[in-house]
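What follows is the residue order along each chain.
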Amino acid sequence: MDVYTTKSGMVRGLRAARDPGIVAVLGLPYAAPPFGARRFREPQPPEPWEGVRDCTAFGPVAPQSAELPGAPAWSPGDEDILTLNIWTPADGPGDLPVLVWIHGGAYAFGSSAQPDFDGTVLAGQGLVVVTLNSRLGFEGFGHVPAAHGGTPSADTADGTRFPAAATTGPFPDNRGLLDQIAALEWVRDNISAFGGSPERVTLAGQSSGATSAACLTVAERARGLFGRAVLHSAVNAFATLEQAARTTAEVAAAAGVPATRAGLLAAPPETLVAATDQVCERYARDPASGQRHYDPAIHGPVADGVLLTADPLAALAAGAGGAVELLVCHTTEEYWLLDAVGSSAKITTDEQLAAFAADYGLPAPLVEGHRERLPDAPVLDVYLSLYSGLLFAEYSTRLAEAHAHAGGRAFLARFDRRRDRAGQRVRAWHCADIPFAFGNLHEESVHFLVGGPPGAADQELSRRMTRAWARFAAQGDPGWDHLGAPAASGATVRVWRTAEEEADAARRPGDVWAEGGRGAEDGFRDLWRTAGLPLLAP
């Protein structure tokens, strides 16, 4: 009957369409709906139920304006949003490794119901796969001021000062991260009923989901809830309380409410979603608005002095990752996706490129170095290459390196598949790696991301990537050396390409910057090492 017993009650799943040996349990609540009296507060346990709850459809998504292919949209009144989904072998032996997935979407959109994240194939590799929804946008990351409206400070152990409301109030920052911790606690308490081991949990995510996982890796409150983390294309975005408070003021003004606790509580979720969109659109239209003009995503994790005190990169460098093992990957052409979907500013002139570099404080040798290595590229491609490193590639690589240098165990990979099944050029851009890693290339909704229907070489690459995730979750070894391993034992950066692309690269080992050459191993790293990487805010 595919019925399982949780601490809140019994649930019924259904057999996966692609593999009847896998059971999918969908839309299972891990926390109570975070609205009404619970709005802007820490997640609370779900209400228990009697009988068997039917869990054969995804739950509602978090408040957002996005409508994504193959996934449900949010409607005002959808409140039971803190749910998770499980894929597990029907006749598994028990004590299986568990992979918990946090989706991306700039902390503002997306859901676990996206077809990219179907866990059937990974469950077939011997994992119990969990995907989850958590609060997004202002509901999940907006700063809610203290009731009195003041900003008194409190000291943390390292001398950093934070507003007292952040350390004592009932309306915490980082509510989206707290939801994710609640989901991990639910996994700890319940996953054994689904054949998983609470002692063998790997937390994984992509883009904002990867940075969320990085935040939880260094958060003391999440300690012990997972032992490994997979970070794909972690985004360089982390706010101070002051920056988060300024964003609150902007959103409140757009919503037509006071930037106070009472004013924000009086604004329904759809009002704050629309207000956030208005603020982002204003930045997008104004080239003089600074960093937010280029890709206006305004919400994200906050150094609140309670859950987080520093950007994950700085925290990992200080050893806060502890014994958690990391597998970090990024794509080699990250930002081309954001250009293709129209969410990024079009930088096409030398003057615009100079303004971009000035807004981010990028030194001239970094910009000129990119120009030299892309001699025939238009200005737009130089900009996209710089932004790829700034937001995703360099930040992700440094997360792995910082953890390794602090004594942790970290593996590094890059996704560089650039040819479709007909041999035509496609981009190894943001999100293109995830359908490969999940084994979901067949889904029509992902064909835009991967450049069309897959060929046999793509399917073979996908099988290698899913095996690497499964091996890492089960054994802590994805199949290549970790950073800091003896150089003689093999390469410490895995580059994901099709077999044909690998053969082409082997024929041209010295052709560093040619397509199919060895540029994916190092990219523009020497330029970034010299220039340094500025840590950014949303």
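Structural data are supplied above this passage.
Values in this document were obtained by computation on a predicted structure and should not be read as measured data. One numbering rule holds for all chains: residues counted from 1, following each sequence as written. In keeping with the predicted nature of the model, local features appear solely for residues at pLDDT of at least 70, side-chain atom pairs appear and are counted solely at 80 or more, and the whole-chain, interface and lining totals rest on all residues. Computation of side-chain values covers all heavy atoms of the structure but excludes hydrogens and water.

A.B. asks: Where do I start with the packing of helix H6 (residues 241-255) against helix H8 (residues 269-285) in this structure?
C.D. replies: When two helices pack together, their arrangement is captured by the angle between the axes and the distance separating the axes. Orientation of H6 relative to H8, taken along the N-to-C sense of each, is 110°, at an axis distance of 8 Å. With respect to H8, the element H6 is oriented roughly perpendicular. Of the two possible hands of crossing, H6 and H8 adopt the one that is right-handed. Side by side, H6 and H8 meet where Glu250, Val251, Ala254 and Ala255 of the first sit next to Thr271, Leu272, Ala275, Thr276, Gln278, Val279, Arg282 and Tyr283 of the second. To get an axis, a line is fitted to the C-alpha atoms, and for a helix only the part in contact is used. The angle between two axes follows their N-to-C directions and goes from 0 to 180 degrees. Labels follow the DSSP assignment, with helices taken as runs of H or I lasting at least four residues and strands as runs of E lasting at least two, numbered in each case from the N terminus. Comment on the angle field: the value is read as roughly parallel under 35 degrees, roughly antiparallel over 145, roughly perpendicular from 65 to 115, and oblique elsewhere. Should the near helix be turned anticlockwise from the far one by less than a right angle, the crossing is left-handed, and should it be turned clockwise, the crossing is right-handed. Contacts are assigned to residue pairs with any non-hydrogen atoms lying within 4.5 Å of each other.

A.B. asks: I keep staring at the sheet that holds strand S3 (residues 14-15) and nothing clicks. Help me out?
C.D. replies: Strands pair in a sheet through their backbones, by hydrogen bonds, and they do so in one of two ways: parallel or antiparallel. If you walk across this open sheet you meet the 10 strands as S3-S4-S6-S8-S7-S11-S12-S15-S16-S17, and the pairing is mixed. Every interior strand has two partners, whereas the edge strands, S3 and strand S17 (493-496), have only one. When DSSP locates at least two bridges between a pair of strands, those strands are taken to pair. The pairing of strand S7 (residues 96-102) with strand S8 (residues 128-132) spans five bridges and is parallel. Across the sheet, Val98 pairs through a bridge with Val128, a residue of S8. Its contacts with the sheet place helix H13 (residues 379-405) against strand S12 (228-232), strand S15 (325-331) and strand S16 (410-415), and it is angled at close to 160° to S15.

A.B. asks: When you look at the pairing of strand S4 (residues 22-29) in this model, what are you seeing that I'm missing?
C.D. replies: Successive residues of a regular strand alternate their side chains across the two faces of the sheet. With eight of its eight residues buried, S4 lies for the most part within the structure. Examined bridge by bridge, S3 and S4 share two bridges and lie antiparallel to one another. For Leu14, the partnering residue across the bridge sits in S4 and is Ala24. Across six bridges, S4 lies against strand S6 (residues 83-89) in antiparallel orientation. Paired with Leu28 across the strands is Leu84, a residue of S6. For each residue, the accessible area found with a 1.4 Å probe, counting protein chains only, is set against the maximum for its type, and the residue is called buried under 20%, exposed over 50%, and partly exposed in between.

A.B. asks: I tried to follow unusual backbone geometry on my own but got confused; where do I start?
C.D. replies: Across the chain, the bulk of peptide bonds are trans and the bulk of non-glycine residues have phi less than zero. The backbone of Tyr107 sits at a positive phi, close to 60°, despite the residue not being glycine. One can find Tyr107 in the loop between S7 and helix H1 (120-124). Residue classification places Tyr107 among the buried positions, given a relative accessible area of 4%.

A.B. asks: Help me understand the packing of helix H12 (residues 364-373) against H13 in this model?
C.D. replies: At a closest axis distance of 10 Å, the pairing of H12 and H13 adopts a crossing angle of 125°. Judged by the angle between their axes, H12 and H13 are oblique. Seen along the crossing, H12 lies across H13 with a hand that is right-handed. Contacts from Leu366, Val367, His370 and Arg371 of H12 reach H13 at Val382, Ser385 and Leu386. Any residue outside Ala, Val, Leu, Ile, Met, Phe, Trp, Tyr, Cys, Pro, Asp, Glu, Lys and Arg is labelled polar, Gly included; the first ten of those are nonpolar and the last four are charged. Tallied by class, residues from the contact of H12 with H13 come to four nonpolar, two polar and one charged.

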